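Architecture at a glance
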Amino acid sequence: MDAVIKKIMPASAYMEKPVTDRPSQQEVETAVRTLLRWTGDNPDREGLVDTPKRVAKAFLEMFNGYDMCPAEELGRTFEEVAGYDDLVLVRDIQFHSHCEHHMVPIIGKAHVGYLPDGKVVGLSKIARVVDIFAHRLQTQEAMTAQIANVIQDVLNPRGVAVLIEAEHMCMAMRGIRKQGSTTLTSTFTGTFSDNADEQIRFMTMVRGGLVR
Ligand SMILES: Nc1nc2c(ncn2[C@@H]2O[C@H](COP(=O)(O)OP(=O)(O)OP(=O)(O)O)[C@@H](O)[C@H]2O)c(=O)[nH]1
Ligand SMILES: [Zn+2]
C-alpha cells in the first residue's frame, strides 16, 4: 500500500508517515522520573512508582499519529454516488491534541468539507485524518493546513474547507490564564479559496443545519 500511495502522489512531509527515533523504554521511564522530581514530588512514593511506565504507555496512545499515514487513510474512494458532486461536510469532529510549545492539551472540534470531483471518500476516513494529525505535537494553524492539504492532494476534489475551533490549555492553565477563549483557524483550497460564496455556504452549514 505504501508503495502505491508514493507512486500516485507527490511526496511531502505532511502526507508521509514520519520517521521516528524513539528512545528505549528505560530511557523514557527515567525521563518521566526526572519530570516527577521537577514537580517537587517524590518518584519513589507508592502512588508514583508505576507512573513512569503509565506515562510512557499513555504517550504512545496520545501520540500514535506519528505511526500513521494520513494519505493512506484516504486511499479507498467510491465513485458510485449517483453523480453527487455537491458539498460533503463532516462537522463537529472532536479531537484532543497537544501544543508543540508546552506539550499540554489542545481540545477542540474540526469541521471538514469538500466538493467532490467524481469520487468520494468514506466519512470516517475524514475523522481519522483529523485524529492522525491531532495525535502529533501541533500548532492549530499547522494542523488546519495539513488536514486541508492532504485531502486536496490525495482526493483531488474541486476544493476543501477546514475550520478548527479549539481551546489551548497552555492559555487556560498557565501563562495568561484565559479560560474559555477559543481560537478559530481555517484553510480553503480550490473553489473555496476562489469563491467567497462557497466559503460563506460552508460557514453557514457549519453553524446552522438540522442536527444540532
Ligand atoms: N500561533 C499559535 N500559537 C500557539 C499555539 N499553541 C500555543 N501557542 C502560543 O505559543 C506561544 C509561545 O510563546 P513563548 O513566549 O515562546 O512561550 P511562553 O513564555 O510560554 O508564552 P506565554 O504562553 O505567553 O507564557 C504562546 O503565545 C502560546 O499561546 C498554536 O496552536 N498556534
Ligand atoms: Zn502551548
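Only a predicted model underlies this, so the values are computations on that prediction, with no experimental measurement involved.

**What to know about the coordination of the zinc ion (ligand 2)**
Taken together, the protein donors to the zinc ion (ligand 2) comprise Cys 99 (SG), His 102 (ND1) and Cys 170 (SG), at separations of 2.1 to 2.4 Å. In primary sequence terms, the donor set of the zinc ion (ligand 2) follows C-x2-H-x67-C.

**Details of the UniProt feature "domain: GTP cyclohydrolase I" (unreviewed entry) in the protein**
Taking the UniProt record as the reference, the feature "domain: GTP cyclohydrolase I" (unreviewed entry) is found at residues 29-206. Helix makes up 42% of residues 29-206 and strand makes up 25%, while its end C-alpha atoms are separated by 43 Å.

**Some words on the site of ligand 1**
Inspection of the region around ligand 1 gives Cys 99, His 101, His 102, Thr 139, Gln 140, Glu 141, His 168, Cys 170, Met 171, Arg 174 and Gly 175 as its neighbouring residues. Between ligand 1 and the protein, one listed contact pairs an oxygen atom with a side-chain N or O atom of His 101 at 2.9 Å. For ligand 1, an oxygen atom lies 2.6 Å from a polar atom in the backbone of Gln 140. Protein burial of ligand 1: of its 630 Å² of free accessible surface, 50% is covered by the chains. Elements with a minimum of two residues in the shell around ligand 1: helix H6 (140-155) and helix H7 (169-172).

Rules behind the numbers
- Residues numbered from 1 in each chain as written.
- Chains lettered and ligands numbered in written order.
- Predicted model: local features only at pLDDT ≥ 70, side-chain atom pairs only at ≥ 80, totals over all residues.
- Heavy atoms only, no water.
- Donors = N, O, S within 2.8 Å, 3.2 Å for Na, K, Ca; no water.
- UniProt positions renumbered as here; feature names shortened; annotations may be inferred.
- Helix = DSSP H or I, 4+ residues; strand = E, 2+ residues; numbered from the N terminus.
- Near = heavy atom within 4 Å.
- Polar contact = N/O pair within 3.5 Å; in protein donor to acceptor, adjacent residues only side chain to side chain.
- Areas by Shrake-Rupley, 256 points an atom, 1.4 Å probe, with all protein chains shown as cover.

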